[in-house]
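For reference, the chains in residue letters:
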Amino acid sequence: MVAFTKHIAREWRFMLRQRYVLILLVCAFILSSFAVFTGVSEVSSQRQTIERLKLADETDRLEAQAKYDDPGSLAYYTFHLSYSEPSNLAFAALGERDTYPWKHRIRMLALEGQIYESDAQNAELAQAGKIDFTFVIAALSPLLLILLFHDLSANERTSGRHDLLVTTAKMKIHLWGARIVVRLLAVFLCLLLPFYVAAFISDTAWSSIALVSLWCFAYFIFWTLISVYVGRKSSSAPRVASALIAIWVLFVFILPILGDLAIKQAVHSPKGGDILMVQREAVNAAWDLPVETTMDAFVAKHPKYANYKKEHEGFNWGWYYAFQQVGDQTAANLSQAYADASQRKYDFAAYVAMLSPPMLLQRKMTRLANSDAIAAFQYEKEIRSFHAELREFYYPWLFLENDFDKAVLSDLPNFNNNENQHKKQNKVDTNER
Amino acid sequence: MTNSGSSAKYLLEAKSLCVSIDNKNILSSLSFSVAKGEVYALLGGNGAGKSSTLKTFLGFNLPSSGKVLIDGDEVNESLDKVRRKTAYLPENATLYPHLTARENVEYFLSLAEISKSQSEIDKAFERVSLQNDARDKQLQTFSKGMRQKTAIALAILRNAPIFLLDEPTSGLDPVAIDEFNNLVRELATSGATVLMVTHDVYGACQVANRIGLLRHGELVGQFEAKQNEKIDTELVHAAFAQRQTSEV
Amino acid sequence: MSNQTKASLSISPVLSVAKDEWRYWFRSKLAMSVLLIGVLLTLSSVVVTGINMIELAHERAAMQNSSEDTFMDQPDRHPHRMVHYGHYAFRTPAPLSMLDPGVDAYTGNSIFLEGHRQNSAMFAEQKQSTGLTKMGNLSPAFILQVLAPLMLILIGYSAITRERESQTLAFLLAQGTSMFTLLTGKGLALFSIVILIMLPVAIAGLFAIVQGESTLVVLYFLFTYTLYLLTWTLAILLCSTLLAKNSESFTALSFIWILLCIAMPRIASTSASVVVPVAGKLETDFAVLADLRKLGDGHNANDPAFNKLKQSLFDKYEVDKVEDLPINFRGAVASASEEELSKVLNRFAEKRMEEELAQTETARLFGWLSPQIAVRSLSMLTAGSSIETHHRFLRETETLRLDFVQALNKTHIEQLNYIDDINRNNGEEGWAKARVSAENWKIIEGFKFTTDSPAVRIERGFSSLIQLLFWSVMLALLLSLASKNLARRASF
């Protein structure tokens, strides 16, 4: 082993003399730094946005609470902020956070009418995709490795040095082994150094850093082995590289696209628009239905309020919120089917990812960073349970009690209160996968 | 020299060697041997199988039957041991053009796990008469003769007792050829064993002790070369009368 | 020799160079398989995307109709109930979006229109995706922008280096074939590959014309892609001329491809979002809300914010009680407040769209750094699947929203008695009386979202076209310089 380090040192010096290898490595370092730097700035701007929203939300709610006194109006006019904070690894895997919403303001009206509102970012930029560390590793690093490794022996063959090198070297591993190790090491350093710096700044968990390093390393080895294997006998470097780039195109584009087509065919989902339609019809029809019809449907799911206070003719808030809820109940099956279809599609994609290492890596990274579709689904569930908490808070005042005391507003459920608990849940999820 | 303990009479030996690549017979029952201190030249036209013979001694071709021995060891059975004893000079002597002569030598010596001092390296450069000011210049500025000198300096530094030379004089100017031939003779007098393949009839006669004529992968003639003596032209012509297909 | 490079170009040597190049490709497995895969890939993407987009167009048109029908089928009601019942608008894709779907999957394509609110477009398809198409999709646009250049590189990288390595280049030049003839011939051969790849796309273009797209736009669309691939052809010839070895040419070209087609588009969008940050809708909504509070609640006719309106109506009809007004005061309040509210909402919406456009245009500036970005913008703008078209959809739906809400408010003002209106919550009878005939729901007009006019779309893409032209002219100039240099040099 000591002897081998001598060969490593020699090949390291040798590599530093090769201009084109240096250019590639410098480009890799710049790209990785850029991706990591913009990732950090994106995450910090998301955090700042959340802070600003929290403040504005608080002010706005207090204002509304000062203005109204009855529970019905209070529930109607107060909005509640919910958000999903970026994790400490999100800078490296921005994931689906540019497509799925990570912030919402909801109130106690029918949730189906609110939850699909999305505060999406610029669609044209989202279509082009953003560059993040995960992309640099999953998509760009294989190309870098291909360029570095495809001509490992082909180049020596065409230059006529191959035979001399092989007959001179005391052992093959001293030559090829050392060369491979040196280039691999250089790639690893150039791509991961920026990540380590950012991870240190972002206070990322050691376990995450270790896991990311491990995956990257395994991924690099995978592409190195392919490159070296394909190029082991050929004396035409371009031919080797063509074959390798074809494999890359297959893994990065073709297989995922075919998988996507197949999954779209296999999984049927209700149209999102239908959920809204059903919900809208139910809520609107309720105005024309006898109050009892709505209340019966409501009580069936909320037996606690079977003895609701019956008001006389005309508008009353209890009935209003009951038919909002009944609207949600009517659409519940559709909504569940829609969510299930999304989940199933994402789950099926896991099988496709088994065939495509870049996809696999991307899924692993975004899962670890909690920025994938699963995180988005989870966030949606959190909003639903928060909405339920909110309703449970107001319902007694709307249906049972008479004397509402504004002081109880201090016990109003708050989305962040659940945060720690959710975070724990996420951790468990991560471990299971 | 490191060949201590060798018991073999011949340092290089081919015994009824047959090699075929892609079902084509390249060499058929080739037998010859080179003794210590001897310079042996394999002479033949394009496609005669000269380079294939050399590659078989280097362990790049697997014999389909017969044997190739270096210092008594079968090449493919103890490749590493055998390669330590041989210095190979490829046809174009291409080392790394972006490195200087000295850096090239140092790089390859390190690959072979041999450490040499700068003065030893300079001594080797002197022996091959590579000018002082050229030693620290990048190889891309070198002529072919200078590159060859660098490669031989490397071979000398490796202390290899056996030299395998592939068309060493092709593309050299007459002065360089002269210099090179003298160097090979000098190596042989100091005990080195040399196998060279060439199609330069007159050069081979000048430098070799013995000459083998190769045709279609077969040894068609073998004779002692005595300098300045008349060559059996008929035999040579017979060896060079080839099918006009190009070498593989 | 320099005289010969100042080509007097005659056609037949050029053609024989091109023919020879084709013969080389026919004999090389690599070139043929790349070509075959390329054409198959383009063809399948054209078919799959075409079918998909036509289905989507039909589906959305059908949903638009059914939404209008359900609205009109509603029974007699209080008109304000219909304001909240709301209406849907669907964005039908442009005919050319079967070649470039653009932002279609990334923006919601339906929008719920109701009183007092501007909803965002919901249910972007990307939100129900597998996440597998994050790196690239099957659209012909993607294939042409990203994969076609790679195929051209794989086929053409050795155009000149090959001649140089086998020393036929010196031979050709020595016998009087000019470098210009050689490059034109090789370029012609590569260009014929471009034509082959473009063929399925052109057929889809014909189909788009049948679907109602302007012929001019389709031709322009095809022209821009041809120009783009021609740019790559020039880049390939340039590298092949500048560099001495096949392997160098290949490595350089693939490196350029990685930078320009894979890394740069993402660098562009990331940079744009960092340099020109756009506040999310949620954040601007706070400002909207603050402004709206000043307007007063349109449901509450007693809100002091409407005192001025009340007074002006009293003056106009010379009465001093709302009950005496010949019109329904509650309707008047609803209408007036909707008008004001819409102004506020639009002010913020316009600002947001402007910011988003500024951000997009910043990303498009990167077209100077990568022709892929230039052609991507140009393609979406020409096809009518860019962010501008989506913004117009948002504007048109807002007009639609305000129109139907105000039409309902007009009914509220004119056809519903004020006394009946305020007694609407007093028992079944009052409830039954406070409504108007369903005939009034016929105000919904058929909404059909169409693409911008050809002139507008072509004008929008002008700066991207300039970028693309810049690339091709620059590369052509460099190529001619490089070829003169090579022809003069003695050693190869």
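Analysis parameters
Residues numbered from 1 in each chain as written. Chains lettered and ligands numbered in written order. Predicted model: local features only at pLDDT ≥ 70, side-chain atom pairs only at ≥ 80, totals over all residues. Helix = DSSP H or I, 4+ residues; strand = E, 2+ residues; numbered from the N terminus. Buried ≥ 20, exposed ≤ 12 C-beta atoms within 10 Å, placed from the backbone. Contact = placed C-beta atoms within 7 Å. Nonpolar A, V, L, I, M, F, W, Y, C, P; charged D, E, K, R; others polar. Pairing = 2+ DSSP bridges. Domains from an automatic or database assignment. pLDDT = per-residue confidence, 0-100. Axes fitted to C-alpha atoms, helices over the stretch in contact; angles between N-to-C directions. Expected span 1.5 Å × (residues − 1). Left-handed = near helix turned anticlockwise from the far one by under 90°.

Caption draft 1: Representation of the overall build of chain B within the structure. Looking only at helices and strands, one finds 8 helices and 10 strands in chain B. When burial is assessed residue by residue, chain B has 43% of its 248 residues classed as buried. Taking the contacts inside chain B whose residues are at least 6 apart along the sequence as the reference set, 70% of them involve residues at least 24 apart.

Caption draft 2: Structural detail: the interface of chain B and chain A. Chain B puts 20 residues into the contact, and the matching count from chain A is 15 residues. Those elements giving two or more residues to the side of chain B that touches chain A turn out to be α2 (79-85), β6 (86-89) and α3 (101-111) of chain B. Residue contributions to the side of chain B that touches chain A peak at 4 residues, all from α3 of chain B. Here the side of chain B that touches chain A is composed, by residue class, of 10 nonpolar, 5 polar and 5 charged.

Caption draft 3: View of the pairing of strand β3 (residues 39-43) of chain B. All names here are of chain B. Burial analysis of β3 places 5 of its 5 residues in the buried class, the great majority of the element. Here β3 shows two buried faces, one formed by Val 39, Ala 41 and Leu 43 and the other by Tyr 40 and Leu 42. Pairing of β3 with strand β9 (residues 210-215), which is carried by 4 bridges, proceeds in the parallel orientation. Each residue of the ladder has a partner; that of Leu 43, found in β9, is Leu 213.

Caption draft 4: Structural context of the domain arrangement of chain B. All names here are of chain B. As assigned here, chain B comprises domain 1 (10-85 + 161-247) and domain 2 (97-160). On a C-alpha basis, the centres of domain 1 and domain 2 stand 25 Å from each other. Taken together, the contact between domain 1 and domain 2 spans 11 residues of the former and 8 residues of the latter. Secondary structure elements with two or more residues in the side of domain 1 that touches domain 2: β7 (162-166) and α6 (174-189). In terms of residues, the side of domain 1 that touches domain 2 owes the most to one element, α6, which gives 4 residues. Grouping the amino acids of the side of domain 1 that touches domain 2 by side-chain chemistry returns 8 nonpolar, 1 polar and 2 charged.

Caption draft 5: View of the confidence of the model for chain A. Mean pLDDT over chain A stands at 87; residues scoring 70 or higher make up 95%. A low-confidence stretch, residues 420-433 of chain A (pLDDT under 50), is modelled with 6 contacts involving residues beyond four sequence positions or located in other chains.

Caption draft 6: A look at the arrangement of the chains. Looking across the 2 pairs of chains in contact, one finds the most contacts between chains A and C. Separated throughout, chain B and chain C approach each other most closely at a C-alpha pair spaced 15 Å apart.

Caption draft 7: Spatial organisation of the interface of chain C and chain A. With 70 residues of chain C at the contact, the number on the chain A side is 72 residues. Of all the secondary structure elements, the ones that give two or more residues to the side of chain C that touches chain A are α3 (29-72), α4 (79-85), β2 (110-114), α5 (140-156), α10 (246-275), α11 (281-295), α13 (329-365) and α15 (387-415) of chain C. Per-element tally for the side of chain C that touches chain A: the top contributor is α10 of chain C, with 18 residues. Looking at the side of chain C that touches chain A residue by residue, the class counts come to 33 nonpolar, 30 polar and 7 charged.

Caption draft 8: Highlighting helix α1 (residues 50-58) of chain B. All names here are of chain B. With 8 of 9 residues buried, α1 is to be regarded as a mostly interior element. Looking at α1, one finds that the buried residues are Lys 50, Ser 51, Ser 52, Thr 53, Leu 54, Thr 56, Phe 57 and Leu 58. Trailing α1 by a residue or two, Gly 59 shows a phi angle of about 85°, which is positive.

Caption draft 9: How the structure looks around the sheet that holds strand β3 (residues 117-118) of chain C. Residue and element names in this part refer to chain C. Ordered in space as β1-β2-β3, the 3 strands form an open sheet in which the pairing is antiparallel. Edge positions in the sheet fall to β1 (87-90) and β3, since each has one partner strand and no second. Where β1 meets β2, 4 bridges bridge the pair, whose relative direction is antiparallel. Residue pairing in the sheet places Ala 89 in a bridge with Ile 111 of β2. Sitting on the sheet, α15 touches β1, β2 and β3, and the angle it makes with β2 is about 25°.

Caption draft 10: Examining helix α10 (residues 206-230) of chain A more closely. Residue and element names in this part refer to chain A. Taking 1.5 Å as the rise per residue, α10 with 25 residues should run 36 Å; its terminal C-alpha atoms sit 36 Å apart, in good agreement. For α10, the full list of buried residues reads Val 212, Cys 216, Tyr 219, Phe 220, Trp 223, Thr 224, Ile 226 and Ser 227. Looking at the buried residues of α10, the elements they touch are α6 (133-149), α9 (172-201), α11 (237-266) and α15 (357-368).

Caption draft 11: Main features of the packing of α5 of chain C against helix α9 (residues 215-242) of chain C. Residue and element names in this part refer to chain C. Between α5 and α9, the shortest axis-to-axis distance is 10 Å and the interhelical angle comes to 35°. Here the hand of the crossing between α5 and α9 comes out right-handed. Note on element contacts: α9 touches α5 through Tyr 225, Leu 229, Trp 232, Thr 233 and Ile 236, opposite Leu 144, Ala 148, Pro 149, Leu 152, Ile 153 and Gly 156. For the contact of α5 with α9, the residue count by class is 9 nonpolar, 2 polar and no charged.

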